[in-house]
Amino acid sequence: VHPFQVYGDMLGMCHDAVTGKCWVYSGFLVNEVQVTAEDQSIWRCYLSMGKYDTALLYCQTLEQRERVLTAQADHYYQEGQWELAATIYAKTHRSFEEVTLGFITLGEKGALKRYLSDKLDNIRGTDRTQLTMICTWLCEMYLDKLNSVKGGGIDRTAVAAAGGEA
């Protein structure tokens, strides 16, 4: 037997301002509504709507935060906003190789440089191998940019674009 057949259709809901409790009632029954951990999964709702910053506010675990940041980075990547995607990917645990190969395949050197630079800021000091690799790769990219400057004099705008002092 369905509860609606026994107790009737719900007629309304009211809020007790004194106690703060919510009540629902039918023709034969009054029940208290208890709300617990209402915001527990609200981050998923905001994530599905594409409201990443709001979703991050409601994340309660590192796993939730990782899912939101990865989804946000994937979104920007698919939209062609490479540098923004690179900045966010640097905050995630997405495979280093996967991200870098993605930018290399696209020929997005600026996004790759942004990712490496931001990843360098977010990496632990104990990951010496990855630190060395990122630093070496960034140095190579800056040196390549400097070597591409043609002529006897140094083009100050090219040096500034490479991240050096103009």
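In short, a report on the structure. (Residues numbered from 1 in each chain as written. Predicted model: local features only at pLDDT ≥ 70, side-chain atom pairs only at ≥ 80, totals over all residues. Heavy atoms only, no water.)

Below, the discussion takes up the pairing of strand β3 (residues 30-33). Where strand β2 (residues 22-26) and β3 come together, 4 bridges link them in antiparallel fashion. Counted as the bridge partner of Val24 is Asn31 from β3. Where β2 hands over to β3, the hairpin turn is made up of 3 residues, counted between the paired strands. (Pairing = 2+ DSSP bridges. Helix = DSSP H or I, 4+ residues; strand = E, 2+ residues; numbered from the N terminus.)

Taken together, Val6, Tyr7 and Phe28 make up a surface patch of nonpolar side chains, about 340 Å² in accessible area. Residue position: Phe28 is located in the loop between β2 and β3. (Patch = residues over 30% accessible without salt bridge, like charges linked within 9 Å, V, L, I, M, F, W, Y side chains within 5 Å. Areas by Shrake-Rupley, 256 points an atom, 1.4 Å probe, with all protein chains shown as cover. Salt bridge = Lys/Arg side-chain N within 4 Å of Asp/Glu carboxyl O.)

Turning to the packing of aromatic side chains, a few remarks are in order. Tallied over the entire structure, the rule returns 6 aromatic pairs. Ring geometry for Tyr46 versus Tyr58: centroids 5.6 Å apart, planes at 15°, classification stacked. Of the two residues, Tyr46 is situated in helix α2 (residues 42-49) and Tyr58 in helix α3 (residues 52-58); the sequence distance between them amounts to 12 residues. Both rings, one in Phe96 and one in Tyr115, keep their centres 5.9 Å apart while their planes meet at 35°; by these two values the pair is tilted. Taken together, the residues Phe96 in helix α6 (residues 96-106) and Tyr115 in helix α7 (residues 109-122) connect sequence positions 19 residues apart. Exposure remark for Tyr115: the relative accessible area of 0% places this residue in the buried category. Members of the aromatic cluster, connected to one another through ring pairs, are Tyr77, Trp82, Tyr89 and Phe103. (Phe/Tyr/Trp six-rings, centres within 6.5 Å; stacked < 30°, edge-to-face > 60°. Buried < 20%, exposed > 50% of the residue type's maximum accessible area, 1.4 Å probe, protein only.)

Bringing helix α8 (residues 128-147) into the picture now. An ideal rise of 1.5 Å per residue puts 28 Å on 20 residues; α8 measures up with 28 Å between its terminal C-alpha atoms. Among all positions of α8, only Ile134, Leu138 and Met141 are buried. The buried residues of α8 all sit within an arc of 60° when viewed along its axis, so they share a single face. Opposite the packed face of α8, turned more than 90 degrees from it, sit the exposed residues Arg128, Thr129, Glu140, Leu143 and Asn147. In this fold, the buried residues of α8 make contact with α6 and α7. (Expected span 1.5 Å × (residues − 1). Arc of directions from axis to C-beta. Contact = heavy atoms within 4.5 Å.)

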